Each structure stands twice: as structure tokens, then as C-alpha cells.
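Architecture and fold: a report
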Amino acid sequence: IADVIGGAAASLFGVNPASAATIPPSLGDQLSPTADGGTGQALGNTATESAGKWRPVLDAIASVESIGGSYSSAYNPNGSKVIDGLENVTMAQAIKAAGGTDTTGKHYAIGRYQFTRLAEQAALAGLSLNDKFSPANQDKMAVALITKKRGVTLDMIKNNPEEAQLRLAQEWAGLPKDGSNMSYY
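A brief report on the enclosed structure follows. (Residues numbered from 1 in each chain as written. Predicted model: local features only at pLDDT ≥ 70, side-chain atom pairs only at ≥ 80, totals over all residues. Heavy atoms only, no water.)

Notes on the overall build of the chain
Counting secondary structure elements, the chain contains eight helices and two strands. Within the span of the chain, comprising 185 residues, buried residues form 44% of the whole. Once local pairs closer than 6 in sequence are excluded, the contacts in the chain between residues at least 24 apart make up 59%. Counting every atom, the chain has about 8,700 Å² of accessible surface; 50% of that belongs to carbon and sulfur. (Helix = DSSP H or I, 4+ residues; strand = E, 2+ residues; numbered from the N terminus. Buried < 20%, exposed > 50% of the residue type's maximum accessible area, 1.4 Å probe, protein only. Contact = heavy atoms within 4.5 Å. Areas by Shrake-Rupley, 256 points an atom, 1.4 Å probe, with all protein chains shown as cover.)

Okay, structure coming up:
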């Protein structure tokens, strides 16, 4: 069973993935952010109801994309950091906090799932730039990317985790594409 996704499948469906590898340490483990990572909650205790059965997959993504699982993570060429309060502002304000957008609408990566095209990604989840960049909305956007953009289903994770992992690796560069532990990119 594929790395990372096999672990999520085990958590979701009670399977025992004999070959599931451990998730690589997150950047957050290397940077040792503040105790709450800017979320106002204990690290790892950031589950939202909107995540539902996708929580194990979202946690796997966050482990390689965010600083300690923080919904306030941000990356720019100067490095990664937690922007205190990022999860309490609107999507439009989050884009500004990330440094604005280029001519294609792309901006520096922000949030627990390192969104880079927040306007598009919010719209895919039925959200607008006036909605909050809250943990619940970030989870909704990530689930929309998983299901609507990449076509990954819970059934695919259970029955074809290698394909699910490849598709998720095409969205999140921190996830390995297969058992090689190499990025799709």
C-alpha cells in the first residue's frame, strides 16, 4: 500500500498497511514554532468538523506542507513562518498577507495546506474572498482540491491508494508520489 495514503487508509478503514512508510518530518518539526503555532490551540488538536472522514488525509498533507500543522503557516522566498492570526482574516486579507498575487493570480503559499491560488481554490469550495481564511474553510478548500480537482475518493484511497497518492502528490509537492518517497515535481 502506498506511503502516506496507506496510513490514511488504515485510519479510515481499519486496514493494516504492511508497507506504509512513515510520513517525512514536517518543516514545523525542524523550525520548532511557538507552542500553538499561531492557531490558539495545541498543535495537532486543530480538527474541524468540515474535515469529516478526510481528517487522516488532511493531517498527512499538513504534516509535510505546514509548520507543525498550523492553519497560519506561510512560505515566501525568505522562508517559512507562522503569521499570527492568519486564520482569522478574510481570504482577500490572507492573500495580501502572503505578499499579493502575480499576473496569473498566484501568490506565496499560505495556510495549513499551502494554498497558492486562493481565489480559485476558495471558489472550488464554494467560498469567496470575503469569507474567513478559517480552519474550517481551509479544510473545505483542501477537500475540494482532493475530490473535485484531483478526483480522489475515499473508495480510491481504500482500493487504489497508489493512484490516490499520485494524484495528491500532483497537488501537494511535499507528498511523495509513490514508495520512492520522491516528489512528483
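Points about the packing of aromatic side chains
The full count for this structure, using the stated rule, is four aromatic pairs. Seen in terms of ring centroids, Y71 and Y113 are 6.3 Å apart; in terms of plane orientation they differ by 85 degrees. Their pairing is edge-to-face. With Y71 in the loop between helix 3 (55-65) and strand 1 (73-76) and Y113 in the loop between helix 4 (91-97) and helix 5 (118-124), the pair connects residues that are 42 residues apart, well separated along the chain. Pair check on accessibility: Y71 and Y113 agree, each one buried. Arranged with centres 4.9 Å apart and planes meeting at 80 degrees, the rings of Y184 and Y185 form a pair that is edge-to-face. Residue Y185 is classed as exposed on the basis of its relative accessible area, which comes to 62%. (Phe/Tyr/Trp six-rings, centres within 6.5 Å; stacked < 30°, edge-to-face > 60°.)

A word on the pairing of strand 2 (residues 79-82)
As judged from the four bridges shared by strand 1 and strand 2, these two strands associate in the antiparallel manner. Residue pairing for strand 2: Y75 is matched across the bridge by S80. Taking the residues between adjacent antiparallel strands as the criterion, strand 1 and strand 2 are bridged by two residues. (Pairing = 2+ DSSP bridges.)

Concerning unusual backbone geometry
Residues other than glycine seldom take positive phi values, yet Q114 does so here, at roughly 50 degrees. If you trace the backbone, Q114 turns up in the loop between helix 4 and helix 5. Residue N181 is not a glycine yet carries a positive backbone phi of 65 degrees. Its location among the elements puts N181 in the segment after helix 8 (161-171).

Let's talk about the environment of V64
In this structure, V64 sits in helix 3. Along the backbone, V64 and Q114 are 50 residues apart, and their C-alpha atoms lie at a distance of 9.9 Å.

Let's talk about the nonpolar core
One recurring pattern in soluble globular proteins: nonpolar side chains tend to sit buried together. Formed by 37 residues in total, the largest nonpolar core has its most connected members in Y113, L118, F133, M141, I146 and W172. Secondary structure elements with two or more residues in this core: helix 3, helix 4, helix 5, helix 6 (135-149), helix 7 (154-159) and helix 8. Looking at this core element by element, the count peaks at six residues for helix 6. Residues in contact with L118, not counting those within four places in the same chain, are M91, A94, I95, H107, I110, F133 and M141. (Core = buried A, V, L, I, M, F, W, Y, C linked by side-chain atoms within 4.5 Å.)

What to know about the packing of helix 3 against helix 6
When two helices pack together, you describe them by how their axes are tilted relative to each other and by the distance separating the axes. It is at 11 Å that the axes of helix 3 and helix 6 come closest, and there the two elements cross at 100 degrees. By the criterion of interaxial angle, the relationship of helix 3 to helix 6 is roughly perpendicular. Together, R55, V57, L58 and I61 of helix 3 and D139, A142, V143 and I146 of helix 6 make up the contact between the two elements. Here the contact of helix 3 with helix 6 is built from residues that sort into six nonpolar, no polar and two charged. (Axes fitted to C-alpha atoms, helices over the stretch in contact; angles between N-to-C directions. Parallel < 35°, antiparallel > 145°, perpendicular 65-115°, else oblique. Nonpolar A, V, L, I, M, F, W, Y, C, P; charged D, E, K, R; others polar.)

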